[in-house]
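Examining the three-dimensional arrangement
Listed below are the residues making up each chain.
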Amino acid sequence: MNRIDKLFREKKEHILSVYFTAGFPDIVATAGIVKSLSEAGADMVEIGMPFSDPMADGPVIQKSNETALRNGMNIKKLFVQLQEIRNEVDIPIILMGYLNPVMQFGFENFCMKCSETGIDGVILPDLPPQVYIEEFQGMFDRYGIYNILLISPQSDEKRIHEIDYISRGFIYMVSSSGVTGAKGSCSQDQIAYFDRVRKIKLKNPCLIGFGISGHDSFAEACKYSSGGIIGSAFVNLLREKGYSADVINQFVKSIRG
Amino acid sequence: MKYSVDDRGYYGEFGGAFIPEMMYPNVKELQDNYLRILNSPDFISEFHSLLKHYVGRPSPLYFAPRLSEFHNTKIYLKREDLNHTGAHKINNTVGQILIAQRLGKKRIIAVTGAGQHGVATATVCALMGLKCVVYMGETDIARQEPNVLRMKMLGADVVPVVSGNRTLKDATNESIRDWISNPSDTHYIIGSAVGPHPYPDLVTRLQSVISEEMRYQLLEQTGKSDPDYIVACVGGGSNAIGSFYHYLNNENVKLVGVEAAGKGISTGETAATLVTGRPGIIHGSRTILMQDEDGQITEPYSISAGLDYPGIGPAHSFLHKTGRVIYGNVTDDEALEAAFLLTRLEGIVPALESAHALAWLGKTRFRTGDVVVVTVSGRGDKDMSAYIKYMNTRDSEENSYGSK
């Protein structure tokens, strides 16, 4: 069974997924961060594959992408670094990135490597659902890799149903109109949107991402969905305090509260 | 038309709309409405009226006698440099601002490298009283001060972009982020035939006025609406696709797109995408782009700020693949020489971009009677500092040769 399904079967709420960029803050950090996150009690990790032009990301993740690329990170190295990860970590691992580097790596090759490494899902924001269905769904299914799709406050009900229909694992619910990055508390509009989605009968659970930065916003996200995804706030932490097991453990504990 | 976009937004394998879900409603709204608006009588009449009375169209088709003699053929210049704001860019911004109004948008965003598209956008925003935000890389802001000041005088908010290399590519990412963050009241005016469907087709149709005029102007002046060649420079490729559009299915007309080779296609400092790039995804479109082996988009180089884009419009990738259009390339030095040649022979100072198209003439052997149309996409005022620098180095080189 895909580890994402297993997670959502065993746990219905307060699911915490944490994002960081592979190769940041340094080239050897990746596997250690995954392990520390898992030990600290994160339910899932998203590893960013750095890209030169991350158009859906805010300044913090843009910077971590730049640093990671300067450090020499690429998809090939990432798979090598994650080779042994399943000996130590059992939580679902998702790779997040943009289409072009994956295309150049080769889609089939990419899915095969994901499957060999024990990667459970992929988030590619610039792969539109329609293209996914027409060109890649068969391949993803063959290798058992889930393509996690996004919905946003602008997605209407029909669109959300379409996305739900082809989604597996969970739906990534973008919290507000904007790019990734830590923001303040939820606005009235956001709460109306969370409520609107909650009332739609979906076959997949939702996690709320973008703008979740700490204990309060995570708790807020958990009120309206199965949990939340933290990215920029964790990347900031890595930049400021490094990636020792202690630092990561404290961070995860502070989110859970 | 066999070279037109298909109903899914593709030119063969190129094109499409590779955008994050957050942009989907905006792009879909445009996809669903652009043809209806473009074909509506009120749009057509307002667009053509503005092109005539505001932009100053039709732009002249000028027979260049001394340049023709130099190249031993018949050269006609399509004078987009004489348009209001000094380039072809205004054809597109006039059309898109009318579309934005019809979609009820109140705020316009744009990206500019050299500043030409930024000025053309700020101009139509002033004309229509819409708020205008122009994203520009910090590096480009420093290089293109006069255009920055023009945009500010026109009332635009010029936002310096400090991410990445601080140039056009990074400013484009930033404007996409703006659009994601302002989904309901904002229209994004893309300045070239690039980006997600429907932009390449929309910009192509708005720029197709260039070849529409060419046809009847050639007929009047030569007795034939078909030339032997049409030559235009290609960055994203909007003036080129506009110059080619009405001739695409007329295979007797040789179409030539000229890319910027920068310091040379094998130096690594180049913007010749079709020679050095390969297929991938850039800014929402599947096309040929310059990238490293990991699929990271690389920074292009050209002396001409309007040609240093790491991608190329998807229609051009398709026209390249099918062989319908011949693509050449020209170095910085060749372009500079061609700019001086035109200036001295015809009294026209072209933009550095257009100088690339002119330089291609020197690399080709024409038959004596060949009719060759070159699109002079813009005027050279903005490039005076590059021209003066070239003049000074050339003069000092000549002096040092003289002393030997």
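Residues numbered from 1 in each chain as written. Chains lettered and ligands numbered in written order. Predicted model: local features only at pLDDT ≥ 70, side-chain atom pairs only at ≥ 80, totals over all residues. Heavy atoms only, no water.

Taking 1.5 Å as the rise per residue, helix 10 (residues 209-222) of chain B with 14 residues should run 20 Å; its terminal C-alpha atoms sit 20 Å apart, in good agreement. Looking one or two places after helix 10 of chain B, you find G223 of chain B, whose phi comes out positive at around 85°. (Helix = DSSP H or I, 4+ residues; strand = E, 2+ residues; numbered from the N terminus. Expected span 1.5 Å × (residues − 1).)

Further remarks concern the sheet that holds strand 5 (residues 107-111) of chain B. Residues and elements named next belong to chain B. Overall, parallel pairing links the four strands, which are arranged 7-6-5-8 in an open sheet. The open sheet is flanked by strand 7 (157-161) and strand 8 (186-188), the only strands paired with a single partner. Within the sheet, the average angular offset between the axes of one strand and its neighbour, ignoring direction, is 25°. Of the pairings in the sheet, the one linking strand 5 to strand 6 (residues 131-137) comprises five bridges and is parallel in character. Residue pairing across strands places R107 opposite K131, the latter belonging to strand 6. (Pairing = 2+ DSSP bridges. Axes fitted to C-alpha atoms, helices over the stretch in contact; angles between N-to-C directions.)

Right, let's get into the sheet that holds strand 3 (residues 61-63) of chain B. All names here are of chain B. In spatial order, the strands read 3-4-14-9-10-13; together these six strands make up an open sheet with mixed pairing. The sheet is open, and its two borders are formed by strand 3 and strand 13 (325-331), each paired with just one other strand. Put simply, the sheet's adjacent strands are angled 25° from each other on average, direction ignored. Direction of pairing for strand 9 (residues 229-233) relative to strand 10 (residues 254-262): parallel, over a ladder of five bridges. In the strand pairing of strand 10, C233 is matched with V258. Against the sheet, helix 14 (residues 332-346) makes contact with strand 3, strand 4 (74-79), strand 10 and strand 13, and its axis sits at roughly 95° relative to strand 13, the strand it touches most. (Contact = heavy atoms within 4.5 Å.)

Further remarks concern the nonpolar core. In this structure, L37, L95, F110, F170 and F234 of chain A are the most contacted members of the largest nonpolar core, which totals 185 residues. When residues of this core are sorted by domain, at least three fall in each of domain 1 (18-52 + 89-203) and domain 2 (56-86 + 208-400) of chain B. Leaving out residues up to four positions away in the same chain, L37 of chain A has contacts with V18, F20, A42, V45, F234, I248 and V252 of chain A. Ranked by size, the runner-up nonpolar core spans 34 residues in total, among them L67, V258, V330 and Y390 of chain B. (Core = buried A, V, L, I, M, F, W, Y, C linked by side-chain atoms within 4.5 Å. Buried < 20%, exposed > 50% of the residue type's maximum accessible area, 1.4 Å probe, protein only. Domains from an automatic or database assignment.)

Further remarks concern the interface of chain A and chain B. At the interface, 36 residues of chain A touch 34 residues of chain B. Counting each side, the surface lost to burial between chain A and chain B is near 2,800 Å², with a carbon and sulfur contribution of 53%. Contact with chain B buries surface across chain A, with D53, M55 and Q104 of chain A losing the most and accounting together for 22% of the total. With a shortest N-O distance of 2.8 Å, R159 of chain A and E21 of chain B are connected by a salt bridge. Summed over the shared surface of chain A and chain B, the number is 20 residue pairs in polar contact (both at pLDDT 80 or more). Residue assignment for the side of chain A that touches chain B shows that the elements contributing at least two residues are helix 3 (59-70), helix 5 (99-105), helix 7 (129-143), strand 6 (150-151) and helix 8 (157-166) of chain A. Here the side of chain A that touches chain B takes five residues from helix 5 of chain A, the largest share from any one element. Tallied by class, the residues present in the side of chain A that touches chain B amount to 19 nonpolar, 10 polar and seven charged. (Buried area = accessible area lost by both parts, 1.4 Å probe. Salt bridge = Lys/Arg side-chain N within 4 Å of Asp/Glu carboxyl O. Polar contact = N/O pair within 3.5 Å; in protein donor to acceptor, adjacent residues only side chain to side chain. Nonpolar A, V, L, I, M, F, W, Y, C, P; charged D, E, K, R; others polar.)

Pairing between side chains of opposite charge can happen when their charged atoms approach one another. Applying the stated criterion across every chain, the model contains 40 salt bridges over all chains. One continuous salt-bridge network, built from bridges that share partners, spans R3, R86, D90 and D120 of chain A.

In this section: the environment of E353 of chain B. All names here are of chain B. Mapping E353 onto the fold places it in helix 15 (residues 352-361). By relative accessible area, which is 8% here, E353 ends up buried. In this structure E353 touches C233, S304, A305, G306, L307, S377, K382 and D383, once residues within four positions along its chain are discounted. Here the side chain of E353 touches K382 through a polar contact of 2.8 Å, side chain to side chain.

What follows covers the domain arrangement of chain B. When the parts come together, some accessible area is lost, and that loss is often what is quoted as the size of the interface. All names here are of chain B. For chain B, the assigned domains read domain 1 (18-52 + 89-203) and domain 2 (56-86 + 208-400). Computed over C-alpha atoms, the centres of domain 1 and domain 2 are 23 Å apart. Contacts between the two partners involve 32 residues from domain 1, matched on the other side by 30 residues from domain 2. The contact between domain 1 and domain 2 buries some 2,400 Å² in all, and 57% of this surface belongs to carbon and sulfur atoms. Per-residue buried area on domain 1 facing domain 2 is highest for F18, N91 and K169; these three make up 24% of the total on that side. Counting across the domain 1 and domain 2 interface gives nine residue pairs in polar contact (both at pLDDT 80 or more). Elements with a minimum of two residues in the side of domain 1 that touches domain 2: helix 2 (41-55), helix 4 (89-102), helix 5 (116-128), helix 7 (145-153), helix 8 (168-181) and helix 9 (199-207). Among the elements that make up the side of domain 1 that touches domain 2, the one with the highest residue count is helix 8 (six residues). Taken together, the residues of the side of domain 1 that touches domain 2 sort by class into 14 nonpolar, 12 polar and six charged.

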